[in-house]
Structure formats: structure tokens, C-alpha cells
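Coordinate inspection notes
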Amino acid sequence: MLSSHEFVRVSLEINLFFQRIMKEHLFFVETSLPPVETTAIHEASALKQGFEQLLGHTVYYANGSISENAIRSNEFVTPYTLKAEELNSMLTGASLNTDITRAEYELAADSNPHYQKWPENIMEEINNRSYNLLKEVISFQKRLLSRRLECRIFITLYPELLDHVNHESEYYLEILESLKSRKLPKKTLCDELNFWNHIMEDHAEFIDGMLDPTEDKLKGTARATAEAFEMLVKECMETAQKQMIQNSNRAAEGIRAYKRAATEGLLQCRIKSVIPPLLADHVLREANHYLRLLSSIRQS
Ligand SMILES: [Fe+2]
Ligand SMILES: [Fe+2]
């Protein structure tokens, strides 16, 4: 069971990371639907704004109440996030609240580990509201995926990408569910590593598929990266924990460097692709989150 202090800090850090991830998934959906899908576009936009509002609250409470480690991991914002948002919003005409991002760049860490600034019920409230909104988001995304699989809608996102965002949403839901009883989900090492290694494999495959066919070198690296993560999932053994963590860490560092270079290249218009710039930054943050998780597993 988490202490009251840990509950507040963990809830803040989890929500800071995932609320932004959720609203960006909805932004990608909103901007990838054709004009005929007015209802779905509006629904995506309203759900995006719902998470944006919650993120605004979380950022307010997080200031001075989260760990230095979490801030330094760049899983909440990277040096590219604001620029990617401004560019992507300008290119699509869809809104993104960049004031929240600016506030996130100013977030300070918890300077006194024995002082708890906010009572538990504030976090309980944010967790519950996130949980309820997330249920709606998951059902929207699932409906979208099944309509896509039946070819009743067209969307310029791979069905596999819609499935992928649903996996991430369900992973977040499971954490919020556990936090109701002041716990974090109990998982085996391979369950945890396989989830994230599979997510990283998907990212490499999406990047490969969304790069212009002429980007041979970048596509080759993406394919090799996907294979490396696929092998890690196949080989995971509870009996070789240290080795598994080490290998996953090495692969995650590799894909992080690749994603960072891709984000820079896209922002500077040096790479030809159909990758929204904010998507590149989004998957970079997911790698940063995974690397922080790996380092906490290593220390436990
Ligand atoms: Fe994501
Ligand atoms: Fe992802």
C-alpha cells in the first residue's frame, strides 16, 4: 500500500504523463478524420479538451509536489513539445492549449520529502475524474476501430495505431483502478517489459510505415529496431531478470535517440513523411517514460 505522501506524488506523476498522452491521441484522431465525419471529429475534440482541462489541474497541483527524477526524465514535456504543438496546431487548424505546456516547463520538484502540500482527497478527485473520462475515451476509440475494420469510416491512421492507443489507454485505466485502493498494479517483470517493448516495437513499425518511401536509411533503422523489440518480447524470461532489464534498457535508449533525431528532423523539415510532428514528440516521451520505469525497476 502506498503511503499518503506516495499516493499523492505517484498520482500526480501518472496523470501528468498519461493525461497529455490521452489528449494527444484524441488530437491525432481529430486531425486524421475526413470532413464528412463531423460527429466523430467533434467527439474527439471534446474528449481532448476534457483531458486538457484535467491536465491543467494536475499541473497546478504538481508544482512543488513531484520528484526531481520525474521532471528530469522529460516524459511530461521534452524541449521539442511546445514547438511541435505550435506547428501541428497551425498545420491542422485543431486547437492545443499551449499555456499548459509552458506551465509544465516551469514545474518544480518536491524540495522537502517530509512535507505533503496537498491532501489525498484532491488526488482522489482527479484520479476519479480521469477514470470516468478515460472510460468514455476507450469506448469512443473502440467504436472508431471497429467502424474502421468494417470499412465504414476512413481515417489516415493505421488500424494498428488505433489498437495501440487503446492498449495504452487500458494500461492507464488499470493504474487508476489500482490507485483507488492506494496501490499500483501488481505485474510480473515480463508482463511489464513485454507491454512496453511491444509498444516500442509498434512505434518503430509506425515510423517505418509513415516515412516517405525515399527515406531508405531511416526506414531501415526503424525496421531493425522493431525486430530487436520483437525479439525481446519473445525471449522474456522471469529467470533472467537482470539481463532482461539490461537488454530492454539498451534497446529503449537506442529508440529514444532515434526518436529524438526524428523529432528534430521533422521540426526542421529535413525528413519526408506523413508523421505529425507532435506524434514524433509523443512517442519520444513514451520512451522517456519507459526508461524511467526501467530505472525504478532496477532499483527496487
Ligand atoms: Fe501514445
Ligand atoms: Fe505509443
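Residues numbered from 1 in each chain as written. Chains lettered and ligands numbered in written order. Predicted model: local features only at pLDDT ≥ 70, side-chain atom pairs only at ≥ 80, totals over all residues.

Some points on the environment of Arg298
Looking at the secondary structure, you find Arg298 in helix H11 (residues 277-299). The spacing of Arg298 and Gln241 is 57 residues in sequence and 9.6 Å in space, taken between C-alpha atoms. (Helix = DSSP H or I, 4+ residues; strand = E, 2+ residues; numbered from the N terminus.)

Thoughts on helix H5 (residues 98-105)
For H5, the set of buried residues is Ile100, Thr101 and Glu104. The arc that holds the buried residues of H5, viewed along the axis, is 100°, so those residues lie on one side. In H5, the exposed residues that point more than 90 degrees away from the buried face are Asp99, Arg102 and Tyr105. As for H5, its buried residues are in contact with helix H2 (38-62) and helix H4 (81-92). (Buried ≥ 20, exposed ≤ 12 C-beta atoms within 10 Å, placed from the backbone. Arc of directions from axis to C-beta. Contact = placed C-beta atoms within 7 Å.)

Details of the domain arrangement of the chain
A common way to state how big an interface is: give the accessible area lost once the parts meet. Its domain assignment divides the chain into domain 1 (1-155) and domain 2 (187-300). On a C-alpha basis, the centroid separation for the pair domain 1 and domain 2 is 21 Å. Taken together, the 17 residues of domain 1 in the interface contact 14 residues of domain 2. Counting only elements with at least two residues in the side of domain 1 that touches domain 2, the list comes to helix H1 (4-30), helix H3 (68-72) and H4. Top contributing element to the side of domain 1 that touches domain 2 by residue count: H4, with six residues. Each residue belonging to the side of domain 1 that touches domain 2 can be placed in one class, and the counts come to seven nonpolar, six polar and four charged. (Domains from an automatic or database assignment. Nonpolar A, V, L, I, M, F, W, Y, C, P; charged D, E, K, R; others polar.)

Some remarks on the environment of Lys242
Relative to the elements of secondary structure, Lys242 occurs in helix H10 (residues 241-267). Note: C-alpha distance between Lys242 and Arg298 (56 residues apart in sequence) is 8.0 Å.

Structural notes on the packing of helix H7 (residues 159-179) against helix H8 (residues 189-210)
Look at H7 against H8: their axes get within 11 Å of each other, and the N-to-C directions meet at 155°. Classified by the angle between their axes, H7 and H8 sit roughly antiparallel to one another. Once H7 is placed against H8, the crossing between them reads as left-handed. For the pair H7 and H8, the contacting residues are Glu160, Leu161, His164, Glu168 and Tyr171 in the first and Phe195, Ile199, Asp202 and Phe206 in the second. (Axes fitted to C-alpha atoms, helices over the stretch in contact; angles between N-to-C directions. Parallel < 35°, antiparallel > 145°, perpendicular 65-115°, else oblique. Left-handed = near helix turned anticlockwise from the far one by under 90°.)

A closer look at the environment of Asn74
Tracing the chain through its elements places Asn74 in the loop between H3 and H4. On a C-alpha basis, the gap between Asn74 and Ile271 in space is 23 Å, while along the polypeptide they are 197 residues apart. Beyond its immediate chain neighbours, meaning those up to four positions away, Asn74 contacts Arg285 and Asn288.

Describing the nonpolar core
Counting residues in hydrophobic clusters, the biggest one holds 75 residues, and the most contacted among them are Leu26, Met200, Ile207 and Ala287. Of the residues forming this core, the biggest block, 14 residues, is contributed by H1. The two domains that each donate at least three residues to this core are domain 1 (1-155) and domain 2 (187-300). Apart from residues no more than four positions distant in its own chain, Leu26 is found in contact with Ala44, Leu47, Lys48, Phe51 and Val137. (Core = buried A, V, L, I, M, F, W, Y, C linked by C-beta atoms within 7 Å.)

Overview of unusual backbone geometry
Glycine aside, the phi torsion of most residues is negative, and most peptide linkages are trans. For Cys151, which is not glycine, the phi torsion reads 60° and is therefore positive. Within the secondary structure, Cys151 sits in the loop between helix H6 (120-149) and H7. In this structure, Cys269 takes a positive phi of about 60° despite not being glycine. Residue placement: Cys269 occurs in the loop between H10 and H11. Look at Cys269 and you get exposed, because 9 C-beta atoms sit within 10 Å.

As for the packing of H8 against helix H9 (residues 216-235)
Put simply, H8 and H9 touch, their axes get as near as 8 Å, and they point 160° apart. Between H8 and H9, the angle is such that the two are roughly antiparallel. Two packed elements cross with a definite hand, and for H8 against H9 that hand is left-handed. Across from Asn194, Asn197, His198, Met200, Glu201, Ala204, Glu205, Ile207 and Asp208 in H8, the residues of H9 making contact are Lys219, Ala222, Arg223, Thr225, Ala226, Phe229, Glu230, Leu232 and Val233. Split into classes, the residues belonging to the contact of H8 with H9 amount to eight nonpolar, four polar and six charged.

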